[in-house]
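One-letter residues, chain by chain:
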Amino acid sequence: MRLGLDNVPRLFLAAMGAFSSGLHASGIDVSTFGTLGLDYRWYAEQTDDPRQRSHLFSLSSETTFLLVDDQDRSFTFTPYFRYDATDSERSQVDLREAYFLTYGDFGDSEWELRLGVDKVFWGVAELHNLVNIVNQTDLVHDPDQKSRLGQPMVRLALTGQWGAFEMLGLPYHRKRTYPGRSGRFRGLVVDNDRVSYEDSHEKRHLDLAARFQGYVGSLDIGFSVFRGTSRDPTLMADLQSGVLLPHYELIRQYGLDAQLTTGPWLLKLEAIHRSGLKNALPYQAEEDYSARLVGGEYTFYAVLDSDKDVGLILEWISDARGERSTNSFQNDLFLATRVSFNDIQSTEAVIGITYDLDSDSRVFDARIERRITDSWSFRANAQVLWNTEGDLFVDPVEKDDHIGLVLEYHF
């Protein structure tokens, strides 16, 4: 089982101290909520590695404890637990959140301070969020790269009618999670115990980030900057052991995200320029590059006089490095439809296909989620990969077509 709690003790204790020192003996409201989940995946094919199983079962728990005092200061504590019966690297104990929050007025604006472990989301796209760099990817949770680990941080934000500006100090780097030898959705095994860093401070390098978000009519626009240890590792091959070794470089990233809302249209843009990162094997040379995603979503409301809304999504993502890119989003087209049933069960389905314009590989993904009762809900997804030859990222997992089911209890 992988433990994530050693990542955050000092900042967690500092946040607890800041909160407890200001609390009064009375006037504290405590609330608790969370989810318990049962996750099952069935893979249609057996791989060439007999250690990889066709059936994966896991149990998970995420509980949030919220304490609020009579001055509206609060402390949020969200531990996360997962036990996977097949892949030990997917079993984890972690802190998703553990932060002290206080705020106040600053002229006509409002300031907010968060100290501890938190999550920050930047971006507007459906397929992949280029600008979302603060939190590390939790790859074992879901291969879609959208789940994130909690990040130790000091976060100061100022908001007003003019928009919002936030500054972040990130004192601790977290390693990306990877499937183990028994896990699926992997090529070569990544040995996360042999991680290395460019900076001599290794995981304790102080990273800095900032973002401004403003509004011009129906246009939302954000500018961001990040300087510190990359969340994307360079994977170096160890020929003797046949595994990949993650190495984290110091980088700079400048980001732009924008969304224009006009009637049924949502027009989206994400773009980054990054320096300091090495490109992919076999090149392994430092290369400055740019990447961008452009697209949009058009929604048909009350289709055929029903309660259903149907959205059509089209996005194109490209990376200037081409075949030297360190991720699969080199030159991809994403087509999808989203159906919102607008029923009492909050049913929603998304069906999409990602098409690589260079290699012609395709990834089909279908997801549906629905509440069963006030306390129970389920999610289901299916993923199929085909024509993967020539795609260095998709071909190693071409036998990982699967169906997944998640049953959750909410309390």
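Procedures and definitions
Residues numbered from 1 in each chain as written. Predicted model: local features only at pLDDT ≥ 70, side-chain atom pairs only at ≥ 80, totals over all residues. Heavy atoms only, no water. Helix = DSSP H or I, 4+ residues; strand = E, 2+ residues; numbered from the N terminus. Buried < 20%, exposed > 50% of the residue type's maximum accessible area, 1.4 Å probe, protein only. Lys, Arg positive; Asp, Glu negative; His and termini not counted. Salt bridge = Lys/Arg side-chain N within 4 Å of Asp/Glu carboxyl O. Polar contact = N/O pair within 3.5 Å; in protein donor to acceptor, adjacent residues only side chain to side chain. Core = buried A, V, L, I, M, F, W, Y, C linked by side-chain atoms within 4.5 Å. Phe/Tyr/Trp six-rings, centres within 6.5 Å; stacked < 30°, edge-to-face > 60°. Pairing = 2+ DSSP bridges.

## Comments concerning the side chain of glutamate 315
With respect to the secondary-structure elements, glutamate 315 resides in strand E17 (residues 309–319). For the buried glutamate 315, no salt bridge exists, and the shortest N-O distance to an oppositely charged side chain is 4.6 Å, to lysine 268. Polar side-chain contacts of glutamate 315 include one of 2.9 Å to the backbone nitrogen of glutamate 126.

## Overview of the nonpolar core
Within the largest apolar cluster, 24 residues are counted, with the highest numbers of intra-cluster contacts made by Trp122, Val134 and Leu168. For this core, the secondary-structure elements that each account for two or more residues are strand E8 (163–170), strand E16 (289–300), E17 and strand E18 (331–340). With three residues, the single largest contributor to this core is E16. Counting residues in hydrophobic clusters, the runner-up holds five residues, among them Leu95, Ala98, Phe100 and Val117.

## Focus: the packing of aromatic side chains
In this structure the tally under the stated criterion is eight aromatic pairs. Ring geometry for tryptophan 376 and tyrosine 409: centres 5.1 Å apart, planes at 55°, overall tilted. Linking tryptophan 376 in strand E21 (residues 376–386) with tyrosine 409 in strand E22 (residues 402–410), this pair joins segments that are 33 residues apart in sequence. Classification of tryptophan 376 by relative accessible area gives partly exposed; the value is 37%. Joined through ring pairs, the aromatic side chains of Trp265, Tyr298 and Phe300 make up one cluster.

## Observations regarding the pattern of salt bridges
Following the criterion strictly, the structure yields 33 salt bridges and no others. Notably, a salt bridge pairs arginine 367 with aspartate 142, separated by 3.6 Å at the nearest N-O pair. Of this pair, arginine 367 sits in strand E20 (residues 362–371) while aspartate 142 sits in the loop between strand E6 (109–118) and strand E7 (151–160), placing them 225 residues apart in sequence. Among the residues examined, arginine 367 registers a relative accessible area of 29% and is labelled partly exposed. Among the residues examined, aspartate 142 registers a relative accessible area of 16% and is labelled buried. Here arginine 321 makes a salt bridge to aspartate 319, at a shortest N to O gap of 2.8 Å. Classification of arginine 321 as buried rests on a relative accessible area of 1%.

## Thoughts on the sheet that holds strand E9 (residues 196–197)
Judged by pairing direction, the sheet is mixed, and its three strands sit side by side in the order E9-E13-E12 without closing on themselves. With partners counted over all chains shown, the strands left at the sheet margins are E9 and strand E12 (234–238), one partner each. Taken together, the two bridges between E9 and strand E13 (residues 243–248) define a ladder with parallel strand orientation. Across the sheet, the residue bridging to tyrosine 197 is tyrosine 248, located in E13.

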